[in-house]
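Spelled out from the first residue to the last, the chains are:
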Amino acid sequence: MNSSKNTILYNKTIRYAFEKINSFKSNTALILFVIDNDAKVIGSVTDGDIRRALLSGYSLDDAISTAMKKNFKYVNSLKDYKLINEYKLNDIKIVPLVDNEFHLIEFIDLTKLKAVLPVDAVIMAGGKGVRLKPYTNDTPKPMLELAGKPIIAHNIDRLLAYGIKNIYISVNHLKEQIINYVQEEYKGKNIRFIEEKAPLGTIGSVKLADSYENDDLLVMNADILTNIDFYDFYQNYKNFKDNMSIATFNIRINIPYGILDTTDKRINSLIEKPSFTYYSNAGIYLINKEMIKYIPDSKFDSTDLMENLIEKGKKVSHFPIRGYWLDIGNAQNYAKAQDDIRYIKF
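An account of the accompanying structure is given in this report. (Residues numbered from 1 in each chain as written. Predicted model: local features only at pLDDT ≥ 70, side-chain atom pairs only at ≥ 80, totals over all residues. Heavy atoms only, no water.)

## Topic: the pattern of salt bridges
Alright, step 1. The tally for this structure, following the rule as stated, stands at 16 salt bridges.
Alright, step 2. With a shortest N-O distance of 3.9 Å, Arg131 and Asp327 are connected by a salt bridge. Of the two residues, Arg131 is situated in the loop between strand S6 (119–125) and strand S7 (145–146) and Asp327 in strand S18 (residues 325–327); the sequence distance between them amounts to 196 residues.
Alright, step 3. Given a relative accessible area of 53%, Arg131 falls into the exposed group.
Alright, step 4. Across the pair Lys149 and Asp157 runs a salt bridge, and its minimum N-O distance is 2.4 Å. (Salt bridge = Lys/Arg side-chain N within 4 Å of Asp/Glu carboxyl O. Helix = DSSP H or I, 4+ residues; strand = E, 2+ residues; numbered from the N terminus. Buried < 20%, exposed > 50% of the residue type's maximum accessible area, 1.4 Å probe, protein only.)

Below you can see the structure in the form of structure tokens.
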């Protein structure tokens, strides 16, 4: 967001502020943040504040500082994700991010974001997509299109919608297609690439990044179509103080026969055509970055890391996805995704 659009110097007139707000588009938050000569935010003003000031006797030629509110909403850190979410729930549209001295850093536009999560994301996009041949003979699986754009773009867009600023993409097979597309379509976004020289499994390449800014990583496979609520996932992870959390989906198994519960040869009971529900790995993880040290410099899968952490007594939990999820790993699921995407609410 252009900060100059939503800021006004304290000594500008009420008339100037009113004209500036009046120039905003109808879908724009009608608010200005008042700054001093040192670019410190000292107040906020809306069209309602201006009307109240005029009714109180101020003129259009008085300084806007006479009409501003000093108790405006703000955040000092993007790690204040709960406070930001509270603002969004209260229909606050724009929030300034300021330092401890109230210097303006940027604006958070809550009309365009579902949340702001203090995580770095890693998209695993290095697989060969063998089960999707011949589609993947000349096209990497993450670049197969759904509703006019590549699968990986749907996932990047969802991460950006949750205010995730740092995204890494791990690439290997036909990597140039992915790199060229992302660099062209997401100019200005902080998206970097982790290039595997050899296949490192479903999580091994996470260790190759130079550094991560945040304490937690959101790692996901590139070939997933989902509308998972990343905010709920992250909040669950933090509430349980996990070292690793795995997003899961339900698998229901129906037994078409009566099942006997027995002890030795004695029948205790009969269960007629029972149904069992199991949780299965959805290929989306939240990991404390300190856990990276348990990933070796060799091929390593996410399931290996889970087992490793559990053996070491670390906290590992799961989060059931309540929305849509599909692994686009074979031709049948790819066809299903092409149909389903028309009805998914993202």
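## Remarks on the side chain of Asn243
Alright, step 1. Secondary-structure assignment places Asn243 in the loop between helix H6 (230–239) and strand S13 (244–254).
Alright, step 2. In contact with Asn243, not counting residues within four places along its chain, are Tyr237, Leu286, Ile287, Asn288, Met291, Lys314 and Lys315. (Contact = heavy atoms within 4.5 Å.)

## With respect to a nonpolar patch on the surface
Alright, step 1. Taken together, the side chains of Ile251, Ile253, Phe276 and Tyr278 define a hydrophobic patch exposed on the protein surface, amounting to about 350 Å² of accessible area.
Alright, step 2. Put simply, the parts of the chain that give the nonpolar patch at least two residues each are S13 and strand S16 (275–288).
Alright, step 3. Looking at the secondary structure, you find Phe276 in strand S16.
Alright, step 4. Judged by its relative accessible area of 35%, Phe276 falls in the partly exposed class. (Patch = residues over 30% accessible without salt bridge, like charges linked within 9 Å, V, L, I, M, F, W, Y side chains within 5 Å. Areas by Shrake-Rupley, 256 points an atom, 1.4 Å probe, with all protein chains shown as cover.)

## With respect to the packing of aromatic side chains
Alright, step 1. Tallied over the entire structure, the rule returns 13 aromatic pairs.
Alright, step 2. Both rings, one in Phe249 and one in Trp325, keep their centres 4.0 Å apart while their planes meet at 15°; by these two values the pair is stacked. Of this pair, Phe249 sits in strand S13 while Trp325 sits in strand S18, and the two are 76 residues apart along the sequence.
Alright, step 3. Through pairs of rings, three or more aromatic residues link up here, namely Phe33, Phe72, Tyr74, Phe102 and Phe107. (Phe/Tyr/Trp six-rings, centres within 6.5 Å; stacked < 30°, edge-to-face > 60°.)

## Description of H6
Alright, step 1. For H6, the complete set of buried residues consists of Phe230, Tyr231, Phe233, Tyr234, Asn236 and Tyr237.
Alright, step 2. Two to three positions downstream of the cap, the backbone nitrogen of Tyr231 sits 3.0 Å from a side-chain oxygen, assigning the N-cap of H6 to Asp229.
Alright, step 3. Of the residues flanking the end of H6, it is Lys241, one or two places downstream, whose phi is positive at about 55°. (Polar contact = N/O pair within 3.5 Å; in protein donor to acceptor, adjacent residues only side chain to side chain.)

## Regarding the sheet that holds strand S2 (residues 31–35)
Alright, step 1. If you walk across this open sheet you meet the three strands as S1-S2-S3, and the pairing is mixed. Bordering the open sheet on either side are strand S1 (7–9) and strand S3 (41–46), each of which pairs with just one other strand. Within this sheet the neighbouring strands show an average axis-to-axis angle of 35°, counted without direction.
Alright, step 2. In the sheet, S2 pairs with S3 via five bridges, with the strands oriented antiparallel. Residue pairing in the sheet places Val34 in a bridge with Gly43 of S3. (Pairing = 2+ DSSP bridges. Axes fitted to C-alpha atoms, helices over the stretch in contact; angles between N-to-C directions.)

## A word on the nonpolar core
Looking at soluble globular proteins, one finds that nonpolar side chains tend to be buried together.
Alright, step 1. In terms of nonpolar packing, the biggest core is built from 43 residues, with Ile156, Ile167, Ile169, Phe230 and Ile284 touching the most fellow members.
Alright, step 2. Residue assignment for this core shows that the elements contributing at least two residues are S6, helix H4 (151–161), strand S9 (166–171), helix H5 (175–185), strand S11 (216–221), H6, S13 and S16.
Alright, step 3. Broken down by element, the residue count for this core peaks at six residues, all from H4.
Alright, step 4. Beyond its immediate sequence surroundings of up to four residues, Phe230 is in contact with Leu117, Arg158, Leu159, Tyr162, Leu218, Met220 and Ile284. (Core = buried A, V, L, I, M, F, W, Y, C linked by side-chain atoms within 4.5 Å.)

## Section: the pairing of strand S10 (residues 191–195)
Alright, step 1. By the bridge criterion, five bridges tie S9 to S10 in an arrangement that is parallel. Each residue of the ladder has a partner; that of Ile167, found in S10, is Ile191.
Alright, step 2. For the handedness criterion, the β-α-β arrangement of S9, H5 and S10 is classed as right-handed. (Right-handed = clockwise from strand over helix to strand, strands pointing away.)

## Topic: the packing of helix H3 (residues 81–89) against H6
Alright, step 1. Between H3 and H6, the shortest axis-to-axis distance is 12 Å and the interhelical angle comes to 140°. With respect to their mutual orientation, H3 and H6 come out oblique. H6 is crossed by H3, and the crossing has left-handed handedness. Within the contact between the two elements, H3 uses Tyr81, Lys82 and Asn85 and H6 uses Tyr231, Tyr234, Gln235, Lys238 and Asn239. (Parallel < 35°, antiparallel > 145°, perpendicular 65-115°, else oblique. Left-handed = near helix turned anticlockwise from the far one by under 90°.)

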